[in-house]
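Remarks on the overall topology
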Amino acid sequence: NAGVTQTPKFRVLKTGQSMTLLCAQDMNHEYMYWYRQDPGMGLRLIHYSVGEGTTAKGEVPDGYNVSRLKKQNFLLGLESAAPSQTSVYFCASSYPTSGYEQYFGPGTRLTVT
Amino acid sequence: DQQVKQNSPSLSVQEGRISILNCDYTNSMFDYFLWYKKYPAEGPTFLISISSIKDKNEDGRFTVFLNKSAKHLSLHIVPSQPGDSAVYFCAASALRETSGSRLTFGEGTQLTVNP
């Protein structure tokens with residue numbers, strides 16, 4: 001099993017450009033999450049999904065959109081990138097009744113200039 | 001407001017000694033707590049967890065202690081090994097929450113174990 005994979009690993013964007021980050025998991029997990037990690041701030045939840053076709057806002061959703069068209073994939077979109085979105089983005093997934101252990105992908109390092 | 005806080009950004013210990021990482025929380029609804037370990041350029045990996053019905057959980061060299069009255073938990077690593085050098089994140093969740101199994105993370109503590 002590959003677990004949780006993220007594409008791309010690195011990306012540099014100019015302000016105003018758009019992009020989509022892809023997360024895929026092969027563990028048949030119902031729940032999926034997008035986090036951002038910034039220095040000194042831990043991981044903050046952007047959006048999450050409790051099943052195919054459903055999404056919900058997390059702690060810092062502004063400037064991001066998500067879609068969960070297939071159970072195994074969770075996409076994070078930036079429609080108009082801003083320097084404040086420079087961060088490392090992590091995707092995670094979990095079973096709904098596993099005691100809240102989440103499995104994380106390796107991360108995407110995004111720089112917006 | 002920061003509901004989960006790790007007040008020590010870094011900790012340095014000698015190999016073979018005990019490492020103690022601390023975490024405080026403010027939300028009384030939190031009733032499940034986890035520790036994650038993160039190496040550079042990798043995603044966090046689950047280490048150990050504890051439910052609020054317990055005050056201690058042990059897994060090999062790792063023990064987590066929970067003091068509900070003080071809203072404090074700690075992770076003990078004994079003995080510490082150089083391979084334990086990583087960033088450790090404390091996380092909390094409310095089992096009673098009906099949607100999403102969301103976790104709230106602390107800022108992280110960089111542990112360095114010196115040979």
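Everything here concerns the structure above.
Here's what I pulled together on the structure shown here. Nothing here was measured: the structure is a model prediction, and the numbers come from that model.

Comments concerning the overall build of chain B
- Across its full length, chain B carries zero helices and eleven strands.
- Listing the helices and strands of chain B from first to last along the sequence gives β-β-β-β-β-β-β-β-β-β-β.
- What you see for chain B is a C-alpha radius of gyration of 14 Å, in line with the 13 Å of a compact globule of 115 residues.
- Its C-alpha atoms give chain B principal-axis dimensions of about 45 × 30 × 25 Å.
- Sequence separation of 24 or more characterises 56% of the internal contacts of chain B that already satisfy a separation of 6 or more.
- About 5500 Å² of surface is accessible on chain B, with carbon and sulfur atoms providing 49% of the total.
- Charge separation in chain B, taken as the distance between the mean sites of 11 positive and 11 negative side-chain charges, equals 2 Å.

Digging into the pairing of strand β6 (residues 56–59) of chain B
All names here are of chain B.
- Sheet analysis places β6 next to strand β7 (residues 62–67), joined by four bridges and oriented antiparallel. Following the sheet pairing, Glu-58 is matched in β7 by Thr-63.
- Counting the residues in the hairpin turn of β6 and β7 gives two residues, including Gly-60, whose phi is positive at 65 degrees.

Digging into the nonpolar core
- Among the nonpolar cores identified, the biggest contains 23 residues, and Phe-33, Trp-35, Leu-73, Leu-75 and Tyr-88 of chain B are the most heavily contacted of them.
- At the level of elements, β3 (19–25), β4 (32–38), β5 (45–51), β7, β8 (72–77), β9 (86–93) and β11 (109–114) of chain B are the ones that each hand at least two residues to this core.
- Sorting elements by how many residues they give to this core places β9 of chain B first, with four residues.
- When near neighbours in sequence (up to four residues on either side) are disregarded, Phe-33 of chain B contacts Tyr-25, Ile-48, Ser-49, Ile-50, Leu-66, Leu-73, Ala-91 and Ala-92 of chain B.
- Among the nonpolar cores identified, the runner-up in size contains 19 residues, and Leu-21, Cys-23, Met-32 and Ala-81 of chain A belong to it.

Conventions we followed
Residues numbered from 1 in each chain as written. Chains lettered and ligands numbered in written order. Predicted model: local features only at pLDDT ≥ 70, side-chain atom pairs only at ≥ 80, totals over all residues. Heavy atoms only, no water. Helix = DSSP H or I, 4+ residues; strand = E, 2+ residues; numbered from the N terminus. Rg over C-alpha atoms; globule rule 2.2 N^0.38 Å. Contact = heavy atoms within 4.5 Å. Areas by Shrake-Rupley, 256 points an atom, 1.4 Å probe, with all protein chains shown as cover. Lys, Arg positive; Asp, Glu negative; His and termini not counted. Charge placed at Lys NZ, Arg CZ, Asp CG, Glu CD. Pairing = 2+ DSSP bridges. Core = buried A, V, L, I, M, F, W, Y, C linked by side-chain atoms within 4.5 Å. Buried < 20%, exposed > 50% of the residue type's maximum accessible area, 1.4 Å probe, protein only.

Any link to function would need more than the numbers given here.
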